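Topology and contacts: notes
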Amino acid sequence: MSEPSRRKLVAGNWKMNTTRDSAVELARGTARVVPPKPSPVDVLLCPPFPYLCSVGAVLEGSGVLLGAQNVCCERPGAFTGEVAVDMLTDVGCRFVIVGHSERRHIFGETNHLIQRKVVAAIAGGLDVILCVGEQLAAREANQTEAVLDSQMTGGLTDLDESALGHLTIAYEPCWAIGTGQTATPQQAQEVHLYLRKWLADRYNPGRAQSTRILYGGSVNAKNALELLSEPDVDGALVGGASLKVETFRPIIEAAAAAK
(Lines give C-alpha, C1' and ligand atoms only; values in the text may rest on other atoms or scores of the structure.)
Protein backbone atom coordinates (compact mmCIF):
# COMPACT_ATOMS: atom_id res chain seq x y z
CA MET A 1 0.00 0.00 0.00
CA SER A 2 1.39 3.42 -0.94
CA GLU A 3 2.03 6.04 1.74
CA PRO A 4 -0.46 8.93 1.99
CA SER A 5 0.55 12.07 0.13
CA ARG A 6 1.34 15.08 2.30
CA ARG A 7 0.94 18.53 0.75
CA LYS A 8 3.70 20.92 1.63
CA LEU A 9 2.72 23.79 3.94
CA VAL A 10 4.63 27.07 4.16
CA ALA A 11 3.50 29.19 7.11
CA GLY A 12 4.59 32.77 7.72
CA ASN A 13 4.73 33.69 11.40
CA TRP A 14 4.95 37.48 11.51
CA LYS A 15 5.40 37.51 15.30
CA MET A 16 5.08 41.01 16.83
CA ASN A 17 5.80 42.87 13.60
CA THR A 18 4.04 45.08 11.00
CA THR A 19 1.57 47.92 11.21
CA ARG A 20 -1.91 47.68 9.73
CA ASP A 21 -0.77 49.28 6.47
CA SER A 22 2.36 47.19 6.13
CA ALA A 23 0.45 44.02 7.07
CA VAL A 24 -2.13 44.65 4.34
CA GLU A 25 0.60 45.40 1.81
CA LEU A 26 2.54 42.26 2.77
CA ALA A 27 -0.56 40.08 2.60
CA ARG A 28 -1.53 41.51 -0.76
CA GLY A 29 1.95 40.94 -2.14
CA THR A 30 2.05 37.37 -0.83
CA ALA A 31 -1.35 36.56 -2.30
CA ARG A 32 -0.16 37.81 -5.69
CA VAL A 33 2.72 35.32 -5.80
CA VAL A 34 0.66 32.32 -4.68
CA PRO A 35 -1.35 30.73 -7.47
CA PRO A 36 -5.06 30.36 -6.76
CA LYS A 37 -6.35 26.94 -5.84
CA PRO A 38 -5.52 24.29 -6.72
CA SER A 39 -1.98 25.28 -5.70
CA PRO A 40 0.73 22.63 -5.24
CA VAL A 41 1.55 24.14 -1.82
CA ASP A 42 -0.56 25.37 1.09
CA VAL A 43 0.47 28.87 2.17
CA LEU A 44 -0.51 30.36 5.52
CA LEU A 45 -0.03 33.81 7.04
CA CYS A 46 -0.21 34.41 10.79
CA PRO A 47 -0.29 38.16 11.51
CA PRO A 48 -0.59 39.76 14.95
CA PHE A 49 -4.06 39.70 16.51
CA PRO A 50 -4.96 43.37 15.74
CA TYR A 51 -4.48 42.84 12.00
CA LEU A 52 -6.29 39.53 11.51
CA CYS A 53 -9.41 41.19 10.08
CA SER A 54 -7.50 43.50 7.74
CA VAL A 55 -5.25 40.72 6.47
CA GLY A 56 -8.16 38.28 6.23
CA ALA A 57 -10.06 40.71 4.00
CA VAL A 58 -7.09 40.90 1.64
CA LEU A 59 -6.65 37.11 1.54
CA GLU A 60 -10.31 36.30 0.90
CA GLY A 61 -10.63 34.39 -2.36
CA SER A 62 -6.87 33.98 -2.71
CA GLY A 63 -4.72 30.88 -2.38
CA VAL A 64 -3.44 31.98 1.05
CA LEU A 65 -4.90 30.84 4.37
CA LEU A 66 -5.22 32.90 7.56
CA GLY A 67 -3.96 31.82 10.95
CA ALA A 68 -3.26 33.19 14.42
CA GLN A 69 -0.11 33.05 16.52
CA ASN A 70 -1.74 32.04 19.80
CA VAL A 71 -5.10 31.32 21.45
CA CYS A 72 -6.69 31.00 24.88
CA CYS A 73 -7.87 27.59 26.05
CA GLU A 74 -10.92 29.04 27.83
CA ARG A 75 -14.39 29.72 26.51
CA PRO A 76 -15.31 33.44 26.11
CA GLY A 77 -15.69 35.10 29.47
CA ALA A 78 -13.78 37.03 32.13
CA PHE A 79 -10.25 36.51 30.80
CA THR A 80 -8.84 39.99 30.28
CA GLY A 81 -6.39 40.27 27.41
CA GLU A 82 -7.06 36.80 25.97
CA VAL A 83 -8.47 35.72 22.60
CA ALA A 84 -10.86 32.77 22.34
CA VAL A 85 -11.04 30.07 19.68
CA ASP A 86 -14.49 31.29 18.62
CA MET A 87 -13.10 34.76 18.00
CA LEU A 88 -10.41 33.40 15.70
CA THR A 89 -12.81 31.31 13.64
CA ASP A 90 -15.21 34.26 13.53
CA VAL A 91 -12.62 36.41 11.72
CA GLY A 92 -11.73 33.64 9.26
CA CYS A 93 -8.76 31.87 10.85
CA ARG A 94 -8.19 28.29 9.74
CA PHE A 95 -5.03 27.63 11.75
CA VAL A 96 -3.42 28.60 15.03
CA ILE A 97 0.17 28.22 16.22
CA VAL A 98 0.42 26.68 19.69
CA GLY A 99 3.47 26.18 21.89
CA HIS A 100 5.94 28.31 19.95
CA SER A 101 9.32 28.36 21.69
CA GLU A 102 8.89 32.06 22.47
CA ARG A 103 5.63 31.28 24.27
CA ARG A 104 7.33 28.48 26.20
CA HIS A 105 10.59 30.17 27.12
CA ILE A 106 9.70 33.86 27.33
CA PHE A 107 6.15 33.63 28.65
CA GLY A 108 6.47 30.41 30.62
CA GLU A 109 3.78 28.35 28.93
CA THR A 110 3.80 24.80 30.25
CA ASN A 111 3.06 21.53 28.48
CA HIS A 112 -0.20 21.35 30.43
CA LEU A 113 -1.37 24.78 29.25
CA ILE A 114 -0.29 24.02 25.68
CA GLN A 115 -2.22 20.75 25.77
CA ARG A 116 -5.37 22.60 26.84
CA LYS A 117 -4.92 25.02 23.95
CA VAL A 118 -4.45 22.17 21.46
CA VAL A 119 -7.63 20.43 22.62
CA ALA A 120 -9.70 23.63 22.72
CA ALA A 121 -8.53 24.82 19.30
CA ILE A 122 -9.23 21.53 17.53
CA ALA A 123 -12.60 21.13 19.28
CA GLY A 124 -13.48 24.66 18.14
CA GLY A 125 -12.72 23.99 14.48
CA LEU A 126 -9.13 25.19 14.07
CA ASP A 127 -6.18 23.27 12.71
CA VAL A 128 -3.25 23.44 15.13
CA ILE A 129 0.45 23.82 14.42
CA LEU A 130 2.05 22.44 17.58
CA CYS A 131 5.65 23.61 17.98
CA VAL A 132 8.27 21.45 19.66
CA GLY A 133 12.03 21.76 19.87
CA GLU A 134 15.09 21.73 22.07
CA GLN A 135 17.42 24.46 23.26
CA LEU A 136 21.14 24.40 22.48
CA ALA A 137 22.15 23.01 25.89
CA ALA A 138 19.79 20.06 25.45
CA ARG A 139 21.17 19.26 21.99
CA GLU A 140 24.76 19.46 23.23
CA ALA A 141 23.84 17.10 26.08
CA ASN A 142 22.20 14.64 23.64
CA GLN A 143 18.81 15.35 25.22
CA THR A 144 16.93 16.28 22.03
CA GLU A 145 14.77 13.15 22.03
CA ALA A 146 13.99 13.46 25.76
CA VAL A 147 12.84 17.06 25.28
CA LEU A 148 10.71 16.13 22.28
CA ASP A 149 9.18 13.19 24.16
CA SER A 150 8.21 15.50 27.01
CA GLN A 151 6.72 18.16 24.73
CA MET A 152 4.85 15.71 22.52
CA THR A 153 3.49 13.67 25.43
CA GLY A 154 2.57 16.78 27.39
CA GLY A 155 1.05 18.62 24.44
CA LEU A 156 -1.01 15.70 23.11
CA THR A 157 -2.27 14.10 26.33
CA ASP A 158 -5.87 12.89 25.90
CA LEU A 159 -5.90 13.86 22.21
CA ASP A 160 -7.67 11.06 20.39
CA GLU A 161 -6.51 9.63 17.11
CA SER A 162 -9.20 11.32 15.00
CA ALA A 163 -8.00 14.76 16.15
CA LEU A 164 -4.65 14.17 14.44
CA GLY A 165 -6.34 15.05 11.18
CA HIS A 166 -6.34 18.65 12.45
CA LEU A 167 -2.78 18.63 13.78
CA THR A 168 0.49 19.71 12.21
CA ILE A 169 3.76 19.41 14.11
CA ALA A 170 6.49 22.04 13.70
CA TYR A 171 10.01 21.14 14.77
CA GLU A 172 11.84 24.32 15.67
CA PRO A 173 15.26 23.86 17.27
CA CYS A 174 15.45 26.88 19.57
CA TRP A 175 19.13 27.37 18.79
CA ALA A 176 18.24 28.02 15.14
CA ILE A 177 15.36 30.51 15.57
CA GLY A 178 16.31 33.98 14.44
CA THR A 179 20.00 33.19 14.85
CA GLY A 180 20.90 32.58 11.23
CA GLN A 181 22.03 29.11 12.32
CA THR A 182 20.03 26.36 10.66
CA ALA A 183 19.82 22.65 11.31
CA THR A 184 21.39 20.74 8.45
CA PRO A 185 18.96 18.89 6.21
CA GLN A 186 20.26 15.66 7.75
CA GLN A 187 19.66 16.93 11.31
CA ALA A 188 16.17 18.06 10.39
CA GLN A 189 15.35 14.76 8.70
CA GLU A 190 16.57 12.76 11.71
CA VAL A 191 14.30 14.65 14.09
CA HIS A 192 11.30 14.66 11.74
CA LEU A 193 11.61 10.90 11.30
CA TYR A 194 11.84 10.50 15.07
CA LEU A 195 8.65 12.55 15.51
CA ARG A 196 6.86 10.50 12.86
CA LYS A 197 7.86 7.28 14.60
CA TRP A 198 6.65 8.78 17.89
CA LEU A 199 3.22 9.37 16.31
CA ALA A 200 3.20 5.86 14.86
CA ASP A 201 4.00 4.31 18.25
CA ARG A 202 1.39 6.32 20.18
CA TYR A 203 -1.34 6.36 17.53
CA ASN A 204 -0.88 4.34 14.35
CA PRO A 205 1.37 4.28 11.28
CA GLY A 206 -1.37 5.60 8.97
CA ARG A 207 -1.93 8.75 11.01
CA ALA A 208 1.80 9.20 11.41
CA GLN A 209 2.30 9.07 7.66
CA SER A 210 -0.49 11.57 6.96
CA THR A 211 0.54 14.14 9.62
CA ARG A 212 2.57 17.08 8.32
CA ILE A 213 5.78 17.93 10.16
CA LEU A 214 7.25 21.35 9.38
CA TYR A 215 10.73 22.66 10.01
CA GLY A 216 11.21 26.10 11.59
CA GLY A 217 14.50 27.82 12.27
CA SER A 218 16.15 30.41 10.03
CA VAL A 219 14.62 29.01 6.83
CA ASN A 220 15.58 31.17 3.87
CA ALA A 221 15.83 31.20 0.08
CA LYS A 222 19.26 29.56 0.13
CA ASN A 223 18.49 26.56 2.33
CA ALA A 224 14.76 25.98 1.70
CA LEU A 225 14.95 23.60 -1.25
CA GLU A 226 17.49 21.31 0.40
CA LEU A 227 15.57 21.22 3.68
CA LEU A 228 12.17 20.73 2.06
CA SER A 229 13.44 17.93 -0.17
CA GLU A 230 14.03 15.66 2.83
CA PRO A 231 11.39 12.90 2.88
CA ASP A 232 9.91 13.74 6.29
CA VAL A 233 10.08 17.54 6.06
CA ASP A 234 6.62 18.62 4.93
CA GLY A 235 7.06 22.37 4.86
CA ALA A 236 8.35 25.30 6.85
CA LEU A 237 7.33 27.60 9.67
CA VAL A 238 9.01 30.83 8.58
CA GLY A 239 9.71 33.83 10.79
CA GLY A 240 11.81 36.76 9.59
CA ALA A 241 11.88 35.69 5.95
CA SER A 242 8.06 35.88 5.79
CA LEU A 243 8.11 39.63 6.46
CA LYS A 244 9.10 40.48 2.89
CA VAL A 245 7.55 39.07 -0.25
CA GLU A 246 10.93 38.89 -1.96
CA THR A 247 12.32 36.60 0.78
CA PHE A 248 9.14 34.57 1.37
CA ARG A 249 8.39 33.84 -2.27
CA PRO A 250 11.53 31.72 -2.89
CA ILE A 251 10.59 29.49 0.06
CA ILE A 252 7.11 28.93 -1.38
CA GLU A 253 8.68 28.15 -4.74
CA ALA A 254 11.14 25.76 -3.11
CA ALA A 255 8.26 23.90 -1.43
CA ALA A 256 6.53 23.54 -4.80
CA ALA A 257 9.74 22.27 -6.41
CA ALA A 258 10.74 19.86 -3.62
CA LYS A 259 10.30 16.18 -4.34
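Above this note sits the structure.
A few points on the structure.

Criteria and thresholds
- Residues numbered from 1 in each chain as written.
- Predicted model: local features only at pLDDT ≥ 70, side-chain atom pairs only at ≥ 80, totals over all residues.
- Heavy atoms only, no water.
- Phe/Tyr/Trp six-rings, centres within 6.5 Å; stacked < 30°, edge-to-face > 60°.
- Helix = DSSP H or I, 4+ residues; strand = E, 2+ residues; numbered from the N terminus.
- Buried < 20%, exposed > 50% of the residue type's maximum accessible area, 1.4 Å probe, protein only.
- Expected span 1.5 Å × (residues − 1).
- Contact = heavy atoms within 4.5 Å.
- Pairing = 2+ DSSP bridges.

The geometry of an aromatic ring pair is captured by two quantities: the separation of the ring centres and the angle between the planes. Per the counting criterion, the structure on display carries 1 aromatic pair. A centroid spacing of 6.3 Å and a plane angle of 55° characterise the contact between Tyr171 and Tyr215, whose relative ring orientation is tilted. Of this pair, Tyr171 sits in strand β6 (residues 167–171) while Tyr215 sits in strand β7 (residues 213–215); the two residues are 44 residues apart in sequence, bridging distant segments of the chain. The residues Tyr171 and Tyr215 share a single accessibility class, namely buried.

With that settled, the discussion passes to helix α1 (residues 20–33). In a regular helix each residue adds 1.5 Å, so 14 residues correspond to 20 Å; α1 covers 20 Å between its end C-alpha atoms and thus fits that length. Where α1 is concerned, the buried positions are Ala23, Val24, Leu26, Ala27, Gly29, Thr30 and Ala31. Residues of α1 that are buried in the fold lie against β2 (41–46), α2 (52–59), β3 (64–68) and α11 (245–257).

This part is about the pairing of β6. Each regular strand displays side chains that alternate between the two surfaces of the sheet. Most of β6 is tucked away: 5 of the 5 residues are buried. Burial along β6 is two-sided: the residues Leu167, Ile169 and Tyr171 and Thr168 and Ala170 are all buried. Pairing of strand β5 (residues 127–132) with β6, which is carried by 5 bridges, proceeds in the parallel orientation. In the sheet register, Leu130 faces β6, and the bridge partner there is Ile169. Both β6 and β7 contribute to a ladder of 3 bridges, which runs parallel. Across the sheet, the residue bridging to Ile169 is Ile213, located in β7.

All we've got here are geometric facts, nothing functional implied.
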